[in-house]
Number of protein chains: 2
Amino acid sequence: MAELTDLTDLTVIADSPAAAVPAAPDFSGWTCPAPLRDHPRIVTGHGGGGALSAELVEHVFAPAFGGPLLASLADSAVVTLGGARLAFSTDSFVVRPLFFPGGGIGDLAVNGTVNDLAMSGAKAAYLSVGFILEEGVETSVVARVAQALGDAARAAGVEIATGDTKVVEAGHGDGIYLNTAGIGLVPAGVDLRPQRAAPGDVVIVSGDMGVHGVAVMSVREGLEFDVEIRSDCAALGGLVEAMLAVTPDLHVLRDPTRGGLGAALNEIAAAARVGVEIAERDVPVPPQVANACAILGLDPLYVANEGKLVAFVPREHADAVLAAMRAHPLGAGAAVIGECVTAHPGMVVARTGLGGTRVLDMPIGEQLPRIC
Amino acid sequence: MAELTDLTDLTVIADSPAAAVPAAPDFSGWTCPAPLRDHPRIVTGHGGGGALSAELVEHVFAPAFGGPLLASLADSAVVTLGGARLAFSTDSFVVRPLFFPGGGIGDLAVNGTVNDLAMSGAKAAYLSVGFILEEGVETSVVARVAQALGDAARAAGVEIATGDTKVVEAGHGDGIYLNTAGIGLVPAGVDLRPQRAAPGDVVIVSGDMGVHGVAVMSVREGLEFDVEIRSDCAALGGLVEAMLAVTPDLHVLRDPTRGGLGAALNEIAAAARVGVEIAERDVPVPPQVANACAILGLDPLYVANEGKLVAFVPREHADAVLAAMRAHPLGAGAAVIGECVTAHPGMVVARTGLGGTRVLDMPIGEQLPRIC
């Protein structure tokens, strides 16, 4: 190690650290893409899984990252490594509050990534966990979240293989943020992508919609129900396995998290350039969820789930897949809600209970911030 | 979808959302492990890569997660999937400021995970990127960080395969937090683990120590140098490839990030139950770094790096490995700094410039918060 030399080669230029922190580098070389000009600053909707999120990916991340994978809009990427086809996915979790009826940020972080992998047909094998802790959060809360992570991982049959912990000063975080990433093998013959949705496909959901989002929001908004609404947070690997046992040729699986069923169907319709038609009355929404949505001013079709999936299934396999789903505990409430059509490509149309139709738009931003 | 039914099954129990957020569940079943009793709340040191971080992993995360991999203390886990041996690693990044001389949070996030994989001998193949953005951060800043991520990924030959973006309200984050996770193939015959350090191994560093940490801290503390100190942030995959070309039988590679060389050597000594002896004057520390450390009250042996590595090399290969390192641009300053010994197992001892010795302890917490 060099001996200490004289100190004349450095100068203290400011007393206050804050004053000395330089501005971000000059961005004069960066031209804001036109679709983003209305948003010189990030708004909560950029994290909402709707049109604003898609804009950020399309106009900022995809051009910067340059890879072909990111543009595929799937929940997870399918990559080839050492001759194996792997699904690879990541999610960060900033849900507030950290605990809610039916779950908490820990099991959400496991199930969220396990489910993203399952939507590629992969059984999750290994997870990474990154903690960003805020100084001052109770160690017992961290321990409880860690226990929930471990319990959920064991329940899903996935191993937490590696991790990382960072701590930010009080006031620069929000208790606990988590990130999980996961890898799993994609079985031979399975090719699940939004682009594969095809006219004639039957659209099936695995059960009640909107439950997770309403469970979190009702806690946050101080609503109490005679029958408590509990998050449907669950790992869908087993259900997907049962569906793929019927046929590996399912076209699309999607877990309708942020942005709910509405965003998921719009993404699929846009990616495959097909139309989607659903019957609103066939979408299972429990009365308590519908009622809570009415009070909160939410549309249940856009509320986040985290233990449900929507499937685009070739018509000849639809009955058998539906039966296999209903035979699984996490698919007991499975229902056909519509079909994929050649008309109005890129558009999702819902037949309403009153006999009319409405266009189910892609949500712009976020009706439910911090839901996962 | 169910028709709206009557609203009598829910009750608004509070006007203020804050008042209604329940406390975390009852933790009465959780007994705080003795080593953590001094810290009922998280302190910044729990993210510092030192003894407090290790305590959290050992007493909270490892028991909760239950897997064998997490306890191995390696920078990345080596897992088997589809017959392939994969390295899998994650890191979150909360560095402040977001840009500093020589780099920024974007290239740091790529190189940090690429380097963790390289320390298992793996060439990084695919990365995931998770953004946690704070509402109000300039979109142009996000774009610049994304560009840096993309540029660094291309430079390192790794593809960004999948990503996620969350947004938290203003005041609940700190501009941009990032998480990256990565996977890569471990070549046949390569088995790099801290546990493999063996008496007789030669300890080699790839170049100057302490540069990244001082570059970030001097910006934050408002120090200015006649010769600017720039972060050494770089991807080490190519350097490691050159070293493994000499022999696949290297014992340990480690990138001394948080906690610096001192923490890295202590972790290795503890994991392999061996002693480590280094000569302080043989550790390359540039005079500007030494001077800045004197002003900031830091020990350069504990300052973070992000473009350097320390290697434990069997003695018979040491000369050839050193030569291969020096022939690589990122190892031009490589130097032998010490050796692995049977004496004082678990302990790192430094011979000082004055002819004495000192124990190089594991750092407790964090001399440099928010450095990566």
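Residues numbered from 1 in each chain as written. Chains lettered and ligands numbered in written order. Predicted model: local features only at pLDDT ≥ 70, side-chain atom pairs only at ≥ 80, totals over all residues. Heavy atoms only, no water.

The name given to chain A in an unreviewed UniProt entry is Hydrogenase expression/formation protein HypE, with the source organism recorded as Embleya hyalina.

Undergrad: I would appreciate a short explanation of the interface of chain A and chain B in the present structure.
TA: A common way to report how large an interface is uses the accessible area buried once the components associate. Contact residues are listed per partner, giving 130 residues for chain A and 131 residues for chain B. Both sides together, the interface formed by chain A and chain B hides about 11,200 Å², and carbon and sulfur atoms give 65% of it. Inspection of the region where chain A meets chain B yields 10 salt bridges. The partner of Lys166 of chain A in a salt bridge is Asp91 of chain B, with the nearest N and O atoms 3.7 Å apart. The interface formed by chain A and chain B contains 34 residue pairs in polar contact (both at pLDDT 80 or more). Among the elements that take part in the side of chain A that touches chain B, helix 4 (residues 139-156) of chain A stands out by supplying 11 residues, more than any other. Considered class by class, the residues forming the side of chain A that touches chain B number 70 nonpolar, 34 polar and 26 charged. (Contact = heavy atoms within 4.5 Å. Buried area = accessible area lost by both parts, 1.4 Å probe. Salt bridge = Lys/Arg side-chain N within 4 Å of Asp/Glu carboxyl O. Polar contact = N/O pair within 3.5 Å; in protein donor to acceptor, adjacent residues only side chain to side chain. Helix = DSSP H or I, 4+ residues; strand = E, 2+ residues; numbered from the N terminus. Nonpolar A, V, L, I, M, F, W, Y, C, P; charged D, E, K, R; others polar.)

Undergrad: I tried to follow the sheet that holds strand 9 (residues 202-205) of chain A on my own but got confused; where do I start?
TA: Hydrogen bonding along the main chain pairs the strands of a sheet, whether they run parallel or antiparallel. Residues and elements named next belong to chain A. Reading across the sheet, the 7 strands line up as 11-13-9-14-12-15-16 and stay open at both edges, with mixed pairing between neighbours. A single partner strand is all that each edge strand has here, and the edge strands are strand 11 (252-254) and strand 16 (357-359). Between one strand axis and the next, the sheet turns through 25° on average, direction left out of account. Where strand 9 and strand 13 (residues 310-313) come together, 4 bridges link them in antiparallel fashion. If you follow Ile204 over to strand 13, its bridge partner there is Ala311. Contacts from helix 9 (residues 315-326) reach strand 9, strand 13 and strand 14 (335-341) within the one sheet, and its direction differs from that of strand 9 by about 10°. (Pairing = 2+ DSSP bridges. Axes fitted to C-alpha atoms, helices over the stretch in contact; angles between N-to-C directions.)

Undergrad: So what exactly am I meant to see when it comes to the pairing of strand 12 (residues 275-279) of chain A here?
TA: Where a strand is regular, its side chains alternate between the two sheet faces. All names here are of chain A. Among the 5 residues of strand 12, 4 are classified as buried, and the element is accordingly described as predominantly covered. Here 4 bridges tie strand 12 to strand 14, and the two strands are oriented antiparallel to one another. Of the residues in strand 14, the one forming a bridge with Gly275 is Val341. Judged from the 4 bridges that link them, strand 12 and strand 15 (residues 348-351) form a sheet pairing that is parallel. Among the inter-strand pairings, Ala279 is bridged to a residue of strand 15, identified as Arg351. (Buried < 20%, exposed > 50% of the residue type's maximum accessible area, 1.4 Å probe, protein only.)

Undergrad: Just checking my understanding: could you explain the pattern of salt bridges for this structure?
TA: Close approach of charged atoms allows side chains with opposite charge to pair. Counted by the stated rule, this structure contains 32 salt bridges over all chains. Among the ionic pairs, Arg41 of chain A bridges to Glu138 of chain B, the shortest N-O distance being 3.7 Å. Of this pair, Arg41 of chain A sits in the loop between helix 1 (17-20) and helix 2 (51-65) while Glu138 of chain B is found in the loop between strand 6 (123-134) and helix 4 (139-156), placing the two residues in two different chains. Under the relative-accessibility criterion, Arg41 of chain A is labelled partly exposed at 44%. Residues Asp299 of chain B and Arg358 of chain B are paired through a salt bridge, measuring 3.1 Å at the closest nitrogen-oxygen approach. With Asp299 of chain B in the loop between helix 8 (287-296) and strand 13 (310-313) and Arg358 of chain B in strand 16 (residues 357-359), this pair connects stretches of sequence that are 59 residues apart.

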